[in-house]
Amino acid sequence: MNKTMMAIPVAAALLLASQPAGAGGKGSKQWSPGPPGPGPGIEIPPLAGGEVKMPWVEFAKILEALKKDKAPEHPPVDFAVEEAVYACRVDGKGEVAAVDATFSVRVMREGWTTVRLLSGDVAVESFKASGAKVSLSQSYGQVSAVVQGPASFEVAMKLSRSVGSEHGMKTLWIDGPEAVSARLECTIAGKGLKVKVEPGIIDTQETQDGKVKLTASLFGSGSFNLKWWQEVQIPDSEKKELPPKVYGEVNTLIRVGEGLVRGHAWVDYSILQSGIQELKILVPEDISIIDVTGSDLASWEVRDTDSGKVLHAFLNYKVKNGYTLSIAYDMSMGKTSAVVEVPRLRLLDVEREKGTYGVEVLTNVEVNLEKMSGMAQIDAAELPSSITYTAQHPVLLAFKYLKHPYSLVLDVKKHADVPILVATVDVADFTTLVTADGKVLTRVVLSMRNNMKQFLKAKLPEDSEVWSSFVAGKPVKPGQDDEGRILIPLAKSTPGMSSENFPVELIYLTRAKPLGIKGKGGITLCTVDLPITHLQWSLFLPDKYKYKKFDGNVDEWDGAFKHVSQAVPDDAYAIIEEAQVQMNVDMRNEMIMDQLAQSIAPAQSMSKGVLPVKMSVPEQGKLRRFIKLLVIDEAAKITFKYKLPWKYR
């Protein structure tokens, strides 16, 4: 293709659109206007498949024209005050301040822009602008600069501002624009003045010829407040540190257990006038300090003194205002039932002490108020949050005191323990497959909870053997006791968590009498040494037979069962194994049916002392469902009559 000539449909459209209608000379083809194009008064003709050839120079001109028509990008901000400099002078009367303000501004936006410079009651005596044509305007208490941008300019203004005064403090407030850099120079007539700039930092300050001169760097907030007052001079001979004044509050949680009283005290100090670095507390002789904690606590120790045992807490530095010390201690009751005087902590070197007590029990003991003096009983809701939030059980008794001396005596009675369940089965889900040749394969999944039971003991029907056992989704090795019961090691529940229940799975095979042409059959399930709240049983019988007159200690159920969910193993290998098991359910069921067709599982498939493999019971045949509530020390069983139709004999 010739470099100077190109076939460009877009350019053709632009050229044709730029010509008046009917142009083109004699013989030119007329066309009717199409839909409006991208520009005002421009119409694109419908030249589908058309093209035009033109010199490259002409096409380059069109491209340049298109670039010029592109709208300019709008700047992120209209303007920026790059620098603000203030020079203040306050005369001896301290009523009026003269301020020279200089602002350096850059306007980025095209067109007219208004830049706020000052607000508030300020008088502008004169101004001068340089760098651009700037006009100042004042409206609603604001002084603004009006300029056509983009432009950079500087405005220098002479201002007068009244000085505020309250309680001996003078203030000068200037509300200026937010600036990237802001500086202040100030001269104030007077001696012995204390000066402060907010928000800002004083860089230099000196007193010379009865005047205070300072320079400061201002933060870019747009406003600053200059404060000064007469500093009171105290002779060195009269300067002295006031002694600390300390007030204390002791809030104690008393926990009563079997033969032991545990205390947790929060000591809140209020420290005035000057700081302290050592805290002293008189503690009873019969308690043992377990732990002492606090912010920036260096160390603590208990010393024997003439007044008794004193706890010394040493801090890393002197503290003032507020400080909290936490103390944990134990006291032996001597026996499980006793009349106990509650330990009392006494703060030393304090002006006043008050406090509260909350009492909770940790075991099956009964606590009653024996006697008290110097105290008042209150509602537990009046106790501070440090006690109520820390208590693990409801607070039974609550007291308060306002000063020493006081005493609190409790009567603690230990009651006899009552045997309770340490494990239970919420749901027992049985699935049983019966074959015509007398093999009964049963799978039971128990949804249970366990606090401390080590083994689940299961008694299998006669002529039964274990094929598989899992706990919480993981294989376990079953054992056998002297009575022939199967022992399955259990997991522990996590109290208060959603995973408190966990599944226990057991699969066993029972050899029974083969089914004949007709007769009576019966099936008995295994028993466990725990009560079962809800038992559900899915029984699959051979398809070819007809059945009637089901009887037993279970109730027939027409609805559906919700099977017990299986725990997901938390190790990668077990997860992979579980996935493979789910993928091969049909294959495994077919293999189990083949094994059942033989007399028993091949001997080489059974082994002692190894972990079992995951398996399931094929759900094939005629289904019957049964339920039983609250099963205790009994085996669920069913009997039925069966008959083989003539066509299968």
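As shown above, the structure is provided for reference.
Read on for a plain summary of the structure.

Procedures and definitions
- Residues numbered from 1 in each chain as written.
- Predicted model: local features only at pLDDT ≥ 70, side-chain atom pairs only at ≥ 80, totals over all residues.
- Heavy atoms only, no water.
- Phe/Tyr/Trp six-rings, centres within 6.5 Å; stacked < 30°, edge-to-face > 60°.
- Helix = DSSP H or I, 4+ residues; strand = E, 2+ residues; numbered from the N terminus.
- Buried < 20%, exposed > 50% of the residue type's maximum accessible area, 1.4 Å probe, protein only.
- Salt bridge = Lys/Arg side-chain N within 4 Å of Asp/Glu carboxyl O.
- Polar contact = N/O pair within 3.5 Å; in protein donor to acceptor, adjacent residues only side chain to side chain.
- Contact = heavy atoms within 4.5 Å.
- Core = buried A, V, L, I, M, F, W, Y, C linked by side-chain atoms within 4.5 Å.
- Pairing = 2+ DSSP bridges.
- Axes fitted to C-alpha atoms, helices over the stretch in contact; angles between N-to-C directions.

Remarks on the packing of aromatic side chains
- Evaluated as defined, the whole model comprises 13 aromatic pairs.
- Summarising the aromatic geometry, the rings of Tyr-86 and Phe-103 are spaced 5.9 Å apart at their centres and angled 80 degrees between planes, so their arrangement reads as edge-to-face. Residue Tyr-86 is found in strand E3 (residues 79-90), and its partner Phe-103 is found in strand E4 (residues 96-119); the two are separated by 17 residues along the sequence. Here the two residues Tyr-86 and Phe-103 agree in accessibility, since each one is buried.
- Measuring from ring centre to ring centre gives 6.0 Å for Phe-550 and Phe-626, while their planes differ by 45 degrees; the resulting arrangement is tilted. Highlighted residues: Phe-550 in strand E38 (residues 546-552) and Phe-626 in strand E40 (residues 622-631), separated in sequence by 76 residues. Assigned by exposure class, Phe-550 and Phe-626 land together as buried.

Things to note about the pattern of salt bridges
- Applying the stated criterion to the full structure yields 20 salt bridges.
- Residues Glu-483 and Arg-485 are paired through a salt bridge, measuring 3.5 Å at the closest nitrogen-oxygen approach.
- Taking the relative accessible area as the measure of exposure, Glu-483 reaches 61% and is therefore exposed.
- With its nearest N and O atoms 3.9 Å apart, the salt bridge here joins Glu-634 to Lys-628.
- You can call Glu-634 partly exposed: its relative accessible area is 31%.
- What makes Lys-628 buried here is its relative accessible area of 16%.
- Connected via shared salt-bridge partners are Arg-89, Asp-100 and Lys-158.

Considering the side chain of Ser-274
- Turning to its location among the elements, Ser-274 is positioned in strand E16 (residues 260-283).
- From its side chain, Ser-274 meets the backbone oxygen of Leu-242 in a polar contact 2.8 Å long.
- Ignoring anything within four residues of it in the chain, the contact list for Ser-274 reads Glu-241, Leu-242, Pro-243, Pro-244 and Lys-320.

Focus on the nonpolar core
- Counting residues in each nonpolar core, the largest one holds 45 residues, and the members touching the most others are Val-256, Ile-281, Leu-325, Ile-327 and Val-367.
- When sequence neighbours within four positions are dropped, the list of residues in contact with Leu-325 reads Ala-265, Trp-266, Val-267, Leu-279, Ile-281, Val-292, Thr-293, Gly-294, Leu-297 and Ala-313.
- In terms of nonpolar packing, the next biggest core, distinct from the first, is built from 44 residues, Leu-460, Leu-490, Val-528 and Leu-530 among them.

Overview of the sheet that holds strand E41 (residues 637-643)
- Read from one edge to the other, the open sheet built from three strands follows the order E35-E41-E38, with strand pairing classed as antiparallel. Every interior strand has two partners, whereas the edge strands, strand E35 (518-524) and E38, have only one. Along the sheet, successive strands turn relative to each other by an average axial angle of 20 degrees, direction set aside.
- Direction of pairing for E38 relative to E41: antiparallel, over a ladder of five bridges. Along E41, the bridge assignment pairs Lys-546 with Lys-643.

Focus on the sheet that holds strand E36 (residues 527-528)
- On the basis of which strands lie adjacent, the open sheet formed by four strands has the order E32-E33-E29-E36 and antiparallel pairing. The open sheet terminates on both sides in strands that have one partner only, identified here as strand E32 (479-480) and E36.
- Looking at chain direction, E32 and strand E33 (residues 486-489) are connected through two bridges and run antiparallel. By the bridge assignment, Gly-479 is partnered in E33 with Leu-487.

Describing the environment of Ser-538
- As for its placement among the helices and strands, Ser-538 is situated in strand E37 (residues 532-541).
- For Ser-538, a relative accessible area of 4% puts it in the buried group.
- Sequence-wise, Ser-538 and Phe-561 are 23 residues apart; in three dimensions their C-alpha atoms are separated by 8.4 Å.
- Every residue in contact with Ser-538, bar those within four places of it in the chain, is listed here: Phe-430, Thr-431, Thr-432, Phe-561, His-563, Leu-623, Arg-624 and Arg-625.

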